[in-house]
Amino acid sequence: MIGRRSFGKALGVGAGAAAAGLAGPLSAPAAAAPAVAAGAHRAFPRIKQIRAGVLDVGYAELGPVHGPVVICLHGWPYDIHSFVDVAPLLAGQGYRVIVPYLRGHGTTRFLSARTVRNAQQSAIAMDVVALMDALKIDKAVLAGFDWGSRTADIVAALRPERCKALVSVSGYLVTSLAANLKPLAPKAELAWWYQYYFTTERGRLALEDKALRHDLTRLVWDTVSPTWDFDDAIFERTAAAFDNPDYAAVVVHNYRWRLSLADGERRYDALEKRLATRPTVSVPTVTLDAERDPFTAPGDGASYRDRFTGPYEHRTLPGIGHNVPQEAPAAFARAVTDADRL
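Residues numbered from 1 in each chain as written. Predicted model: local features only at pLDDT ≥ 70, side-chain atom pairs only at ≥ 80, totals over all residues. Heavy atoms only, no water.

Engineer: Help me get a handle on the overall build of the protein, residues and values and all.
Structural biologist: Each helix and strand in the protein was counted, giving 13 helices and 9 strands. Residues counted as buried form 57% of the 342 residues belonging to the protein. In the structure as shown, the protein presents an accessible area of about 13,800 Å², 57% of it carried by carbon and sulfur atoms. (Helix = DSSP H or I, 4+ residues; strand = E, 2+ residues; numbered from the N terminus. Buried < 20%, exposed > 50% of the residue type's maximum accessible area, 1.4 Å probe, protein only. Areas by Shrake-Rupley, 256 points an atom, 1.4 Å probe, with all protein chains shown as cover.)

This is the structure:
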């Protein structure tokens, strides 16, 4: 069985080779694409801030200001650094790459202390639309994983005029509150242990305690990415984003809301009613399944294929775990450029 360290070295070679085959948004020569291996970059140049909707959003930006836009969306327990290798690849192809901290993460802050620390799915999706409005971006390729996949799926389904193309890890992740009331197979429930932990007062207190939060999120990283050979510095760089004062409240609300144990806000009721119908996605889409991700559904994408009605491709990434853009940046970047051409 291949070890974490030897796999990481192999991935570095493969990722660089794959990157060399990327084609840019204007059909740039393949040789123009830089070879970027997983872990090649450690930080973004600087973080910008902009007021958008109910938030002051922190975000990284790379690439030409007038290039076609890609918005990359992270999940939990991650941050913008999941795209620290993806963004330079896409910027090198002429894309303007925007990577925002989701609400409750990093330098993103609520503008008012009175705003509900709500993390229901439609609220986070509307944050992205508000960010696009603030940045005067009419349309973008949306690409994400985990919470980011769900968010991108929702914008693509409900605001297709704002989404040029979609890259969604794990496929169609729009939450069905009704379906979430039904038990899963025991093995699947085990993978979701933290979701149930966060429904308890103990779980909330653990997220508020910096040391416990650190160890809890590190355990999730180790569990859901069993072949990723990341070092302590990589984790610590992301863990700093969890020191946001609203982090615990946002994360707890997200998971409790999914299980119908916390209310959403009435302002999002109409959107949630539409999402309850499992609306299809008509924009060009590439879905990615990670073979070693415990949350990857069986069937090579068959369980959600009918939710995508436009131009479509599906790919399974062998040996890759949950944090797809950071574990396999070249494959993720290639999915973006290919979705943009479908």
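Engineer: If you had to explain the packing of helix 7 (residues 201-208) against helix 8 (residues 210-224) to someone new, which residues and values would you point to?
Structural biologist: Where helix 7 contacts helix 8, the two axes come as close as 5 Å, and the packing angle between them is 100 degrees. The orientation of helix 7 relative to helix 8 falls into the category roughly perpendicular. For the pair formed by helix 7 and helix 8, the contact residues are Ala-206, Leu-207 and Glu-208 on the first element and Lys-210, Leu-212, Arg-213 and Leu-216 on the second. (Axes fitted to C-alpha atoms, helices over the stretch in contact; angles between N-to-C directions. Parallel < 35°, antiparallel > 145°, perpendicular 65-115°, else oblique. Contact = heavy atoms within 4.5 Å.)

Engineer: Summarise the pattern of salt bridges; cite the residues concerned and give the values.
Structural biologist: One pass over the full model with this rule turns up 19 salt bridges. Overlapping salt bridges bring together Glu-313, Arg-315, Arg-334 and Asp-338 as one network. (Salt bridge = Lys/Arg side-chain N within 4 Å of Asp/Glu carboxyl O.)

Engineer: So what about the nonpolar core? Which residues, and what values?
Structural biologist: Of all hydrophobic cores here, the largest spans 106 residues; its most connected members are Trp-76 and Phe-332. Filtering out sequence-adjacent residues up to four positions away, Phe-332 remains in contact with Phe-83, Val-86, Ala-143, Gly-144, Val-167, Val-169, Leu-288, Val-324 and Pro-325. (Core = buried A, V, L, I, M, F, W, Y, C linked by side-chain atoms within 4.5 Å.)

Engineer: Explain the side chain of Glu-265 residue by residue, including any values.
Structural biologist: With respect to the helices and strands, Glu-265 occurs in the loop between helix 10 (247-258) and helix 11 (269-275). Not counting the four nearest positions on each side in its chain, Glu-265 is found in contact with Val-116, Asn-118 and Gln-120.

Engineer: With reference to specific residues and values, describe the packing of aromatic side chains.
Structural biologist: The tally for this structure, following the rule as stated, stands at 24 aromatic pairs. Taking 6.0 Å as the distance between ring centres and 55 degrees as the angle between the ring planes, the aromatic pair formed by Trp-147 and Tyr-255 counts as tilted. With Trp-147 in helix 4 (residues 147-158) and Tyr-255 in helix 10, this pair connects stretches of sequence that are 108 residues apart. Judged by its relative accessible area of 1%, Tyr-255 is buried. Both rings, one in Phe-308 and one in Tyr-312, keep their centres 5.4 Å apart while their planes meet at 25 degrees; by these two values the pair is stacked. This pair shows no difference in class: Phe-308 is buried, exactly as Tyr-312 is. Three or more aromatic residues link up through ring pairs in this structure, and these residues are Trp-76, Trp-147, Trp-192, Trp-193, Tyr-194, Tyr-197, Phe-198, Tyr-255 and Phe-295. Sitting over the face of the ring of Phe-235, Arg-218 holds its NZ or CZ atom 5.5 Å from the ring centroid. (Phe/Tyr/Trp six-rings, centres within 6.5 Å; stacked < 30°, edge-to-face > 60°. Lys NZ or Arg CZ within 6 Å of the ring centre and 35° of its normal.)

Engineer: Hey, could you go over the pairing of strand 8 (residues 285-290) for me, with residue numbers and the actual values?
Structural biologist: Burial analysis of strand 8 places 6 of its 6 residues in the buried class, which makes it a mostly covered element. Burial of strand 8 is two-sided: the residues Thr-285, Thr-287 and Asp-289 facing one way and the residues Val-286, Leu-288 and Ala-290 facing the other way are all buried. Pairing analysis gives 4 bridges linking strand 7 (residues 163-169) to strand 8, with the strands arranged parallel. Counterpart to Val-167 in the pairing with strand 8 is Val-286. Sheet topology places strand 8 next to strand 9 (residues 312-317); 6 bridges connect them, and they run parallel. When the sheet's bridge partners are listed, Thr-285 is paired in strand 9 with Tyr-312. (Pairing = 2+ DSSP bridges.)

Engineer: Can you explain the confidence of the model for the protein? Please cite residues and give values.
Structural biologist: In this model, the protein carries a mean pLDDT of 91, and residues with pLDDT of at least 70 account for 89%. Within the protein, strand 3 (residues 69-73) carries the highest mean pLDDT (99), whereas helix 1 (residues 4-19) carries the lowest (35). Confidence over residues 1-21 falls short of pLDDT 50; this stretch has 37 contacts with residues more than four positions distant or in other chains. Scored below 50 in pLDDT, residues 23-34 shows 26 contacts in the model against residues more than four places distant or in partner chains. (pLDDT = per-residue confidence, 0-100.)

Engineer: Go over helix 8 with me, naming the residues and quoting the values.
Structural biologist: Counted at 1.5 Å a residue, the expected span for helix 8 with its 15 residues is 21 Å, and the 21 Å between its end C-alpha atoms agrees. Turning to helix 8, its buried residues number three or more, namely Arg-213, Leu-216, Thr-217, Arg-218, Val-220, Trp-221 and Val-224. Capping the start of helix 8 is the job of one residue whose side-chain oxygen sits 3.1 Å from the backbone nitrogen of Ala-211: Asp-209. (Expected span 1.5 Å × (residues − 1). Polar contact = N/O pair within 3.5 Å; in protein donor to acceptor, adjacent residues only side chain to side chain.)

Engineer: Outline the environment of Val-54, listing residues and values.
Structural biologist: As for its placement among the helices and strands, Val-54 is situated in the loop between strand 1 (47-52) and strand 2 (55-62). Sequence separation between Val-54 and Asp-127 is 73 residues, and the spatial gap between their C-alpha atoms is 7.9 Å. Those residues within four positions of Val-54 in sequence are excluded, and the remaining contacts are Arg-103, Arg-109, Phe-110, Leu-111, Thr-115, Asp-127 and Arg-267.

Engineer: Talk me through the pairing of strand 7; I want residue IDs and the actual numbers.
Structural biologist: Across the 7 residues that make up strand 7, a large majority, 6, are buried. Taking the sense of rotation as the criterion, the β-α-β connection linking strand 6 (residues 140-144), helix 4 and strand 7 turns out right-handed. (Right-handed = clockwise from strand over helix to strand, strands pointing away.)

Engineer: Mind laying out unusual backbone geometry, listing which residues take part and the relevant values?
Structural biologist: With an omega dihedral of 0 degrees, the bond running from Trp-76 to Pro-77 counts as a cis peptide bond. Locating Pro-77 in the fold gives a position in the loop between strand 3 and helix 2 (86-91). Its identity is not glycine, yet Ser-170 carries a phi of approximately 75 degrees, on the positive side. Its place among the elements puts Ser-170 in the loop between strand 7 and helix 5 (186-191).

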